[in-house]
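What follows is the residue order along each chain.
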Amino acid sequence: MNGFGGEPLLPPIGSLHVILRIFDVLMEMDLLQRFEAYVAAEKKIEPKDWMPDAYRKTLIRQISQHAHSEIVGMLPEGNWISRAPSLKRKAILMAKVQDEAGHGLYLYSACETLGVQRDDTIEDLHSGKAKYSSIFNYPTLNWADIGAIGWLVDGAAIMNQVPICKCSYGPYARAMVRVCKEESFHQRQGFQIMMNMAGGTEDQKAMAQDAFNRWWWPSLMMFGPPDDDSPNSAQSMAWNIKRFSNDELRQKFVDLTVPQADLLGLTVPDPDLKWNEETGHYETGEIDWSEFKRVVSGHGPCNKERIEARRKAWDEGAWVREAARVHAEKRASRRADANTAAA
Amino acid sequence: MNARFEYLLRLGDDALILGQQLGLWTGHGPVLEEDIALTNIGLDQIGQARAWLTLAGKAEGAGRDEDKLAYFRDQSGFRNALLCERPNGHFGDTIVRQFLFDAYAVCLHAALSGSSDAEMAAIARKSAKESAYHLRHSRAWMVRLGDGTEESHSKVQQSLNDLLPYAGDLFHSDAVTEQAAGEGWGADPAAFRPAWDTAVDEMCAEACLTRPESVPEQVGGREGRHTEQLSFLLAEMQVLPRTYPDAQW
Amino acid sequence: MPILQPPNLSIVEKQHWPLWEIFIRSRQGLSHRHVGSLHAADAEMAVENARDVYTRRQEGASIWVVPASAITASSPDEKEVLFDPADDKVYRHPTFYDLPDEVKNM
């Protein structure tokens, strides 16, 4: 279209591009502002809402990591199903491990609402690209380990998880509500095993103390590195994905659990542990963060076995998944043919 | 010979051995949803085992409870059918074993729901709901695998060929079953054979599988004569109580 | 002369089982509520899996499964699903365990 004087009204292409780009940025800044206000007002973000790319990415990372942890977590406990010392304990353990599979499923399901495929996140787990909770890289060596895992590991997990029920992303929060309802049984059954063993024969007491010795420190590490060493925390907290800091939760866990150990008659494997009258909290000894780093980076006692077990199950199941898929296609096309014939 | 005790052991041991084996799949299934399904079935089996073995202990009257029976009998004391102790193998082997058992179990539980023994009838009625579900699950998988890919078809055909000879043990009749049926509290499993045969034939047709030619059946489980597998299975299952016989768990 | 590559099997493998959205009406419930999703090869499997995953503590629930691709959504508006305990598997429930009074918060 020409203006008066024969010059075109539309600006040249180059600067049009720049103007549109500026509009984009202003729109996004506005969206981001509205997003952050929404989150600050404790409202829920749902899958179809606009969200910053970094929010989406951090959620995918956190939720899938959480899901992987549930699945890998089935292995150290699953090891003892066949050797459970009574039929009741066997049934309870099977139910618990089955719950963990279910939790993994709820979490993968929440993750998929963010636009990823479950199979792709699983591939990341198998390739070593994705992480999972390092606690599951430790071995289960006697029956009391099953008690210790329920008492300590699930106890720590509950403490991490309850706040996430209020996180800003709707599907994740809802999955966590379901998980938390089921998790409480897990901790109780673990504690009951510990009570039973700590109050049992000399051999059982020894097993219980041994399990406690091995699982205590790794459980403290479940809350993650100290606050000033946590790169992802600040942004996650600003977006109400993470509600409490690592150190806050760790302290809460210690304060709750030490009296429980006393009740069991077990000794906390920390000679430096002491009660601080002034602060009203327990103080632990130094946590060995170099061990944590070693385990997280793939050099814990069972890292290789855990991933190999998952990879093996996946690879050996390929023919099964493929058969089911092909069969469903066959059925669908037979139905279509029948419909055509009937028409 | 305490026929009721013997009969109940057979019921309990079938469920126990199958449940034990299914528990080995937990965390190793071909897909997460199926992991949950197999564990669910295993849990049902363990539940049935506990009910039948508890009743068996009462029938024996020697103070043995479900755990004493499960953990302190030797191999020759076990009365499970040989089919149940065949190893898990790959998913196809497990599903075939499960299908062959489930098709029998629905007949069994239907029959025992009418037992003159009220406790047995109650356990059977509850188990009937579970085995109906198990059969639906295993049968659907037989069809998916049989009529799936070439690979799944040949795998599951082989499983069927391998396992069918061990299923005969389920239908073993003897003095125990004669007394059970005669007195009205149990059922003669031979009576389930025709219905079971039909179920297997119908499944094969739908799953595009060939029912293998009759081969001599492997039997002996009901009399405590087992295959080599059972000893390994029991060694793993029984290790803790046997190592610490004074402990309560 | 170009080298012929063997077929990329990982592409074939990448044909996933479809995603299904699951809706449950509890026995005492009035309507079906969305509870989550799962993967299944066909509708029958989806229903069975949904029963295993989403109703393990609840008998008599009604289950609807819908391929996720069939759903057209605006903004979801789900409420929390309430659980009614299933009677016989009591060990799933926290109240089954007798713990000393001193053990709080479990």
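Model, not experiment: these values are computed from the prediction.

Now for the overall build of chain B. Secondary structure assignment for chain B yields ten helices and zero strands. When the helices and strands of chain B are listed from N to C terminus, the series reads α-α-α-α-α-α-α-α-α-α. Here the C-alpha atoms of chain B give a radius of gyration of 18 Å, agreeing with the 18 Å that 2.2 N^0.38 yields for 249 residues. In terms of principal-axis extent, the alpha carbons of chain B reach across some 55 × 40 × 30 Å. Counting every position in chain B, which comprises 249 residues, the buried fraction comes to 61%. Accessible surface, chain B: about 9,000 Å² in total, of which carbon and sulfur atoms supply 51%. In chain B, 22 side chains carry a positive charge and 37 a negative one; their mean positions are 4 Å apart.

Before going further, it helps to spend a moment on the interface of chain A and chain B. Facing the 47 residues of chain A at the interface are 49 residues of chain B. Of the roughly 3,900 Å² buried where chain A meets chain B, counting both sides, 68% is carbon and sulfur surface. Run the count over chain A and chain B and you get 19 residue pairs in polar contact (both at pLDDT 80 or more). Elements that contribute at least two residues to the side of chain A that touches chain B include exactly α2 (53–78), α3 (87–112), α6 (170–198), α7 (202–221), α11 (303–316) and α12 (318–342) of chain A. If one sorts the elements of the side of chain A that touches chain B by residue count, α3 of chain A sits on top with 14 residues. Looking at the side of chain A that touches chain B, its residues break down into 26 nonpolar, ten polar and eleven charged.

To continue, consider helix α2 (residues 43–54) of chain C. All names here are of chain C. Between the first and last C-alpha of α2 there are 16 Å, a value that for twelve residues agrees with the 16 Å anticipated at 1.5 Å per step. Listed in full, the buried residues belonging to α2 are Met45, Ala46, Glu48, Asn49, Ala50, Asp52, Val53 and Tyr54. For α2, the N-terminal cap is Asp42; the gap from its side-chain oxygen to the backbone nitrogen of Glu44 is 3.2 Å.

Here we come to the interface of chain B and chain C. Contact residues are listed per partner, giving 15 residues for chain B and 16 residues for chain C. Summed over both sides, the interface between chain B and chain C buries roughly 1,400 Å², with carbon and sulfur atoms accounting for 52% of that surface. Per-residue buried area on chain B facing chain C is highest for Glu33, Tyr133 and Arg144 of chain B; these three make up 40% of the total on that side. Linking chain B to chain C there are two salt bridges. One salt bridge connects Glu48 of chain C with Arg136 of chain B, and the closest N-O pair in it is separated by 3.7 Å. The interface formed by chain B and chain C contains five residue pairs in polar contact (both at pLDDT 80 or more). Elements represented by at least two residues in the side of chain B that touches chain C include exactly α2 (32–60) and α6 (118–146) of chain B. Its residues assigned to classes, the side of chain B that touches chain C comprises seven nonpolar, two polar and six charged.

Further remarks concern the pairing of strand β2 (residues 33–39) of chain C. The side chains of a regular strand alternate between the sheet's two faces. All names here are of chain C. Among the seven residues in β2, five count as buried, and that is most of the element. Where strand β1 (residues 19–25) and β2 come together, six bridges link them in antiparallel fashion. Bridged to Glu21 within β2 is Ser37.

What follows deals with the packing of aromatic side chains. Counted by the stated rule, this structure contains 21 aromatic pairs over all chains. Their ring planes at 75° and their centres at 5.7 Å tell us that Phe212 of chain A and Trp216 of chain A sit as a pair that is edge-to-face. Residue Phe212 of chain A and its partner Trp216 of chain A are both found in helix α7; the two are separated by four residues, about one turn of the helix. Each of the two residues, Phe212 of chain A as well as Trp216 of chain A, counts as buried. Measuring from ring centre to ring centre gives 5.8 Å for Tyr104 of chain B and Phe171 of chain B, while their planes differ by 85°; the resulting arrangement is edge-to-face. Separated by 67 residues along the polypeptide, Tyr104 of chain B in helix α5 (residues 91–112) and Phe171 of chain B in the loop between α7 (150–167) and α8 (175–183) bring together distant segments of the chain. Across this residue pair, the class does not change: Tyr104 of chain B and Phe171 of chain B are buried. In textbook terms, an aromatic cluster arises when at least three aromatic residues are bridged by ring pairs, as seen for Trp151, Phe191, Phe212, Trp216, Phe223 and Phe253 of chain A. Here Arg86 of chain B stacks its cationic end above the ring of Tyr166 of chain B, 4.2 Å away from the centre of that ring. Positioned above the aromatic ring of Trp141 of chain B, the side-chain terminus of Arg144 of chain B is 4.8 Å from the ring centre.

Here we come to unusual backbone geometry. The phi dihedral of Asn240 of chain A falls on the positive side, at around 55°, and the residue is not glycine. Along the chain, Asn240 of chain A turns up in the loop between α8 (233–238) and α9 (246–264). At Cys208 of chain B, a residue that is not glycine, the phi angle is positive and equals roughly 60°. Counting through the fold element by element, Cys208 of chain B comes out in the loop between α9 (193–206) and α10 (228–243).

Now for the state of the cysteines. The final tally for this structure, using the stated rule, is zero disulfides over all chains. Here Cys111 of chain A is not disulfide-linked; the sulfur of Cys167 of chain A is the nearest cysteine sulfur, at 12 Å. A residue is classified by how much of its surface remains accessible, and Cys111 of chain A, at 1% relative accessible area, is buried. No disulfide involves Cys204 of chain B; its nearest neighbouring cysteine sulfur is the one of Cys208 of chain B, lying 10 Å away.

A grouping of Asp227, Asp228, Asp229 and Glu248 of chain A is seen on the molecular surface, where their side chains present a negatively charged patch. Judged by relative accessible area, Asp227 of chain A falls into the partly exposed class, the value being 32%.

Residues and elements named next belong to chain C. Spatial ordering of the open sheet is given by β2-β1-β3, a layout of three strands whose pairing is antiparallel. Of all strands in the sheet, those with a lone pairing partner are β2 and β3 (62–67), marking the two edges. Averaged over all pairs of adjacent strands, the angle between their axes in this sheet comes to 30°, without regard to strand direction. Looking at chain direction, β1 and β3 are connected through six bridges and run antiparallel. Considered in β3, the bridge of Ile24 is made with Ile63. The sheet strands contacting α2 are β1, β2 and β3, and the helix crosses β2 at an angle near 115°.

Here is what the cut-offs are and how they apply
Residues numbered from 1 in each chain as written. Chains lettered and ligands numbered in written order. Predicted model: local features only at pLDDT ≥ 70, side-chain atom pairs only at ≥ 80, totals over all residues. Heavy atoms only, no water. Helix = DSSP H or I, 4+ residues; strand = E, 2+ residues; numbered from the N terminus. Rg over C-alpha atoms; globule rule 2.2 N^0.38 Å. Buried < 20%, exposed > 50% of the residue type's maximum accessible area, 1.4 Å probe, protein only. Areas by Shrake-Rupley, 256 points an atom, 1.4 Å probe, with all protein chains shown as cover. Lys, Arg positive; Asp, Glu negative; His and termini not counted. Charge placed at Lys NZ, Arg CZ, Asp CG, Glu CD. Contact = heavy atoms within 4.5 Å. Buried area = accessible area lost by both parts, 1.4 Å probe. Polar contact = N/O pair within 3.5 Å; in protein donor to acceptor, adjacent residues only side chain to side chain. Nonpolar A, V, L, I, M, F, W, Y, C, P; charged D, E, K, R; others polar. Expected span 1.5 Å × (residues − 1). Salt bridge = Lys/Arg side-chain N within 4 Å of Asp/Glu carboxyl O. Pairing = 2+ DSSP bridges. Phe/Tyr/Trp six-rings, centres within 6.5 Å; stacked < 30°, edge-to-face > 60°. Lys NZ or Arg CZ within 6 Å of the ring centre and 35° of its normal. Disulfide = S-S within 2.5 Å. Patch = residues over 30% accessible without salt bridge, like charges linked within 9 Å, V, L, I, M, F, W, Y side chains within 5 Å. Axes fitted to C-alpha atoms, helices over the stretch in contact; angles between N-to-C directions.

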